[in-house]
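# Observations on the three-dimensional arrangement
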Amino acid sequence: MKFKMILQLFLLALVVSTVNAEGPQTCMANLEAKCDGGSSDVWKGEFFPGISKIKYEGPTSKNPLSYKWYNAEEEILGKKMKDWFRFSVAFWHTFRGTGADPFGAPTKSWPWEDGTNSLAMAKRRMRAHFEFMDKLGVERWCFHDRDIAPDGKTLVETNAHLDEVVALAKELQEGTKIKLLWGTAQLFFHPRYMHGAATSSEVGVYAYAAAQVKKAMEVTHYLGGENYVFWGGREGYQSLLNTDMQRELDHLARFLKAAADYKKKIGFNGTLLIEPKPQEPTKHQYDWDAATAYAFLQKYGLLGEFKLNIECNHATLSGHSCHHELETARINGLLGNIDANTGDPQIGWDTDQFLTDIGEATLVMLSVVRNGGIAPGGFNFDAKLRRESTDVEDLFIAHISGMDTLARGLRNVAKLTEDGSLAELVRKRYQSFDTEIGALIEAGKADFETLEKKVMEWGEPSVPSGKQELAEMIFQSAL
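Let us look at the structure shown here. These figures come from a predicted structure and were not determined experimentally. (Residues numbered from 1 in each chain as written. Predicted model: local features only at pLDDT ≥ 70, side-chain atom pairs only at ≥ 80, totals over all residues. Heavy atoms only, no water.)

### Overview of the pattern of salt bridges
Taken as a whole and assessed by the stated rule, the structure comprises 22 salt bridges. Of the charged contacts, one joins Asp134 and Lys53 as a salt bridge, the two residues approaching to 3.4 Å between their closest N and O atoms. Taken together, the residues Asp134 in helix H4 (residues 119–136) and Lys53 in the loop between helix H1 (2–20) and strand E1 (55–56) connect sequence positions 81 residues apart. Across the pair Glu74 and Arg411 runs a salt bridge, and its minimum N-O distance is 2.7 Å. Of this pair, Glu74 sits in the loop between strand E2 (66–67) and strand E3 (75–76) while Arg411 sits in helix H13 (residues 393–419); the two residues are 337 residues apart in sequence, bridging distant segments of the chain. In this structure Glu74 comes out as partly exposed when scored by relative accessible area, which is 24%. With a relative accessible area of 17%, Arg411 lands in the buried category. Salt bridges linked by common partners bring Glu46, Glu131 and Lys135 together as one network. (Salt bridge = Lys/Arg side-chain N within 4 Å of Asp/Glu carboxyl O. Helix = DSSP H or I, 4+ residues; strand = E, 2+ residues; numbered from the N terminus. Buried < 20%, exposed > 50% of the residue type's maximum accessible area, 1.4 Å probe, protein only.)

Set out below in structure tokens:
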């Protein structure tokens, strides 16, 4: 205990001497030290002094702060790896995650935090965020409006806070390769949204949500954002006994149509994305899964205005695999972005873990490659450190692991593509439809009378094996 106290005092003294010395400042990466006493918003020193820029060192490297499989400039299947992925840091989990869960208090307090949600703290946090991205080598980021800037007493004051932080983010982006992948409005945390936002039973809440989205869309446009996301965290119901579902769905559609109109009005060319989720926090959310979202967009004439942001953990909660949701979005022309995370099969809620399953990553990349990529979308790490991971370097290790896992997935897809066995197995399974009558069926030109005549001619059909085990063997051989 005494040794630990002496060490803490030594580190604190080192911080003070570093701040007072000429040359670059550093912010010690330990929980006892603070960057500058907790009051200044102009800290421009190094937030991660013990961590250099993360480099590719190859599969044999034992360095946890290096890439083993992700080599940004390496070309695979006709694109650089960085262009397949377009990786993005999610501000809310990475820089606002505290380790708190429904059963326990926060476990993390990063050295640059002062315990407040002040405007000065928000600006310092943004500087730490950009240093993190620079060292990680990630060129995109995404945010919720209330994650990067605090609420004020009025909407006017809140918007002013957001403008200040966004102005700093714009300044920090300039002269770098870092861009905004997407922005969004946080329409689920504040008590005003307890009945939903666009689906709230209160017209005042609906109007407030519209004003908040308007502002969030404006700042996303100002920062050069490539997309804008709608996650309807509370757009659903807890009980149908007190809910007019038809009216709420109509209101949601009107809201999204107004957002699409405003996007055009301000000249924002980014893609509008809907992020499906089945439940949690509501009992039932109206964008349950990709198919439900597609049906909703189709019914209300919004196809062409929106694509989907597929989150793997949400897919699990809806009873699907991430691969299923990606394929559903892809074949309907709606695959726009991917929230790169996963859940725990033994935990029934949205755990937002970093994706580390190589098999799942390979399936994800199969869909992305079939889609020809996902630009102007990307892979954003909507994932958080485990509650028990409290070291600053864990922020880097988690992202490196997630990026390497997806990179291995892409390399595996390249193996499968080069080998061709899996694609040939699928082609052979449907080859009967490559015949003359099969072509008529697929062209919609084969009526029931024609098909009946064919059955009379052919007799009982022969049904071959589906070769599922062979398909799984081929897939596993690439991992």
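From this point, the narrative continues.
### A short note on the state of the cysteines
Going through the model one piece at a time under the given rule, you end up with one disulfide. Two residues share a disulfide in this structure: Cys312 and Cys322, whose sulfurs sit 2.1 Å from each other. Because the torsion about its S-S bond is -50°, the bridge between Cys312 and Cys322 counts as left-handed. Within this pair, whereas Cys312 is found in helix H10 (residues 312–317), its partner Cys322 is found in helix H11 (residues 322–331), the two being separated by 10 residues in sequence. Cysteine Cys142 shares no disulfide, and the gap to the nearest cysteine sulfur, in Cys312, comes to 15 Å. The exposure class of Cys142 is buried, given its relative accessible area of 0%. (Disulfide = S-S within 2.5 Å.)

### Brief notes about the nonpolar core
Counting residues in hydrophobic clusters, the biggest one holds 114 residues, and the most contacted among them are Phe85, Trp141, Phe379 and Leu406. No other element matches H13, which puts 11 residues into this core. Built from parts of two domains, this core gets at least three residues from each of domain 1 (55–419) and domain 2 (432–478). Counting residues in each nonpolar core, the second largest holds seven residues, with Ala90, Trp92, Leu181 and Leu273 among its members. (Core = buried A, V, L, I, M, F, W, Y, C linked by side-chain atoms within 4.5 Å. Domains from an automatic or database assignment.)

### Some thoughts on the side chain of Thr158
Its place among the elements puts Thr158 in helix H6 (residues 155–173). Under the relative-accessibility criterion, Thr158 is labelled buried at 1%. For Thr158, the side chain forms a polar contact with the main-chain nitrogen of Gly152, separated by 2.7 Å. Filtering out sequence-adjacent residues up to four positions away, Thr158 remains in contact with Arg146, Pro150, Asp151 and Gly152. (Polar contact = N/O pair within 3.5 Å; in protein donor to acceptor, adjacent residues only side chain to side chain. Contact = heavy atoms within 4.5 Å.)

### Here we look at the pairing of strand E8 (residues 227–230)
A two-sided burial pattern is seen for E8, the buried positions comprising Asn227 and Val229 on one face and Tyr228 and Phe230 on the other. Pairing of strand E7 (residues 179–184) with E8, which is carried by two bridges, proceeds in the parallel orientation. Each residue of the ladder has a partner; that of Trp182, found in E8, is Asn227. In the classification by handedness, the crossover that spans E7, the intervening helix H7 (residues 203–222) and the parallel E8 is right-handed. By the bridge criterion, four bridges tie E8 to strand E10 (residues 271–274) in an arrangement that is parallel. (Pairing = 2+ DSSP bridges. Right-handed = clockwise from strand over helix to strand, strands pointing away.)

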